[in-house]
Amino acid sequence: MSYLADNTDKLSPIGSKAKKITTNVLKQMKANGEKISMLTAYDYSLAKLVDGAGVDVILVGDSASNVMAGHETTLPITLDQMIYHAQSVIRAINYALVVVDLPFGSYQGNSKEALTSSIRIMKESGAHAVKLEGGREVKESIERILTAGIPVMGHLGLTPQSIYKFGTYEVRAREEAERQRLLEDAKMMEEVGVFAIILEKVPADLAKEVATLVDIPVIGIGAGGGIDGQVLVLHDMLGINKEFSPRFLRRYADLHTVITNAIGQYIKDVKSSDFPNEKEQY
Ligand code: KIV
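Please read all numbers here as calculations on a predicted model, not as lab measurements.

Re the packing of aromatic side chains
According to the stated counting rule, one finds two aromatic pairs in the structure shown. Ring geometry for F244 against F248: centres 6.5 Å apart, planes inclined by 70°, an arrangement best described as edge-to-face. On the accessibility criterion, F244 (38% relative accessible area) is partly exposed. You can call F248 partly exposed: its relative accessible area is 24%. Above the face of the F166 ring, R172 is positioned so that its terminal group lies 4.0 Å from the ring centre.

See the structure below:
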């Protein structure tokens, strides 16, 4: 396979030998039936762990607005703040493709604004691609961003930047009309040149239909296993944030307990003068 590089020190868990993940590698992975792993990261230290573990795609998601800044929605995070997070992540990366969310208000105005925001992300952070939410309503913006040679990832289904329009975080596209619209939007995205699509919280059978319909990778969160890859928010899957437990979330660790216990022990040791001991001082 032409995309394979010689080095074997960066193997993804199921054997892709790509030296560095690119949008073409992702397309090849879909063609070869190799599933794509994707996680969010927003800072240098955790991005280094995620990249070192061999995740294929790192998303500097606007979920930073929730998990890093404590906002209720993704709407408040700014383009400058997204660029700051992306810069921190990029410094940590050797292997993964880094995709950065265009935040709310940075692309909906018109396609020129979408291009200007995307150029800022690429130029100031060194990221590899941008992601934006929505279907036909952002088609012109997608096309304009692509004219500058910037790879674009789409995001359909539950689109958190539109939460006040939808009013709930319920599963999307259960009704026939919305299913059809989503299928058409996915096809349109492939036709205009989007390199991959995120599907969030849609029925598994619909997600599978989308993945069959298009040749570009379809990566899901709450969209079932019949697609080309999966994405989760890092803080959720590590169990740092315990308040959020939707059905689709699998927790791979309980860092909430680990961190709380470690800090509790530190407080005890300081209060009892156990820390620092003789070996821990100069
Ligand atoms: O911002 C984010 O973390 C996302 C994922 C949920 C796909 O868009």
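With respect to the pattern of salt bridges
Evaluated as defined, the whole model comprises 12 salt bridges. For D228, the salt bridge goes to K30, with nearest N and O atoms at 2.9 Å. Of this pair, D228 sits in the loop between β7 (218-221) and β8 (229-232) while K30 sits in helix α1 (residues 23-32), placing them 198 residues apart in sequence. With its nearest N and O atoms 3.4 Å apart, the salt bridge here joins E209 to R179. Here the residue E209 occupies a position in helix α9 (residues 204-213), and R179 occupies one in helix α8 (residues 176-192), the gap between them amounting to 30 residues.

Focus: a nonpolar patch on the surface
A surface patch of nonpolar side chains, about 620 Å² in accessible area, is lined by V258, I259, I263, Y266, I267, V270 and F275. Residue placement: V270 occurs in helix α11 (residues 255-271). V270 gets classed as partly exposed once you look at its relative accessible area, which sits at 38%.

A closer look at the site of the ligand
Within the structure, the ligand sits among T40, L59, G61, D62, S63, D101, K131, H155, I198, E200, I221 and V233. Between S63 and the ligand, the recorded distance is 2.5 Å, taken from a side-chain N or O atom to an oxygen atom. Residue K131 places a side-chain N or O atom 3.0 Å away from an oxygen atom belonging to the ligand.

Comments concerning the confidence of the model for the protein chain
The predicted structure's coordinates, where accompanied by low pLDDT, should not be read in detail. Per-residue confidence for the protein chain gives a mean pLDDT of 94, with 94% of residues at or over 70. Taken together, the stretch residues 1-15 has pLDDT below 50 and engages in 29 contacts with residues farther than four places along the chain or on a different chain.

Criteria and thresholds
In every chain, residue numbers begin from 1 and rise along the written sequence. Thresholds applied to this predicted model are a pLDDT of at least 70 for local features of residues and 80 or more for the giving and counting of side-chain atom pairs; totals over whole chains, interfaces and linings are not thresholded and use all residues. Neither water nor hydrogens contribute to the side-chain values; these are computed over all heavy atoms in the structure. Each Phe, Tyr or Trp ring, with Trp reduced to its six-membered ring, pairs with another whose centre is within 6.5 Å; inter-plane angles below 30 degrees give stacked pairs, above 60 give edge-to-face pairs, and intermediate values give tilted ones. Exposure classes here rest on a 1.4 Å probe applied to the protein chains alone. A residue is buried below 20% of its type maximum, exposed above 50%, and partly exposed in between. Here, a charge over a ring is recorded when the distance from Lys NZ or Arg CZ to the ring centre is within 6 Å and its angle to the ring normal is within 35 degrees. Just to be clear on terms, a salt bridge is a Lys or Arg side-chain nitrogen sitting within 4 Å of an Asp or Glu carboxyl oxygen. Note on conventions: DSSP H or I runs of at least 4 residues are helices, E runs of at least 2 residues are strands, and numbering of each starts at the N terminus. A patch is a set of surface residues, each over 30% in relative accessible area and not in a salt bridge, joined within 9 Å for like charges and within 5 Å for the nonpolar side chains Val, Leu, Ile, Met, Phe, Trp and Tyr. Only the protein chains shown count as covering a residue, and every accessible area follows the Shrake-Rupley method with a 1.4 Å probe. For this purpose, a residue is taken to be near a molecule or strand whenever a single non-hydrogen atom of the residue falls within 4 Å of it. Contacts described as polar in this section are N or O atom pairs within 3.5 Å, which, within protein, must combine one atom able to donate a hydrogen with one able to accept it, while residues neighboring in sequence count only if both atoms come from side chains. For every residue, the pLDDT score states the predictor's confidence, bounded by 0 at the bottom and 100 at the top. Any two residues having at least one pair of non-hydrogen atoms within 4.5 Å are treated as being in contact.

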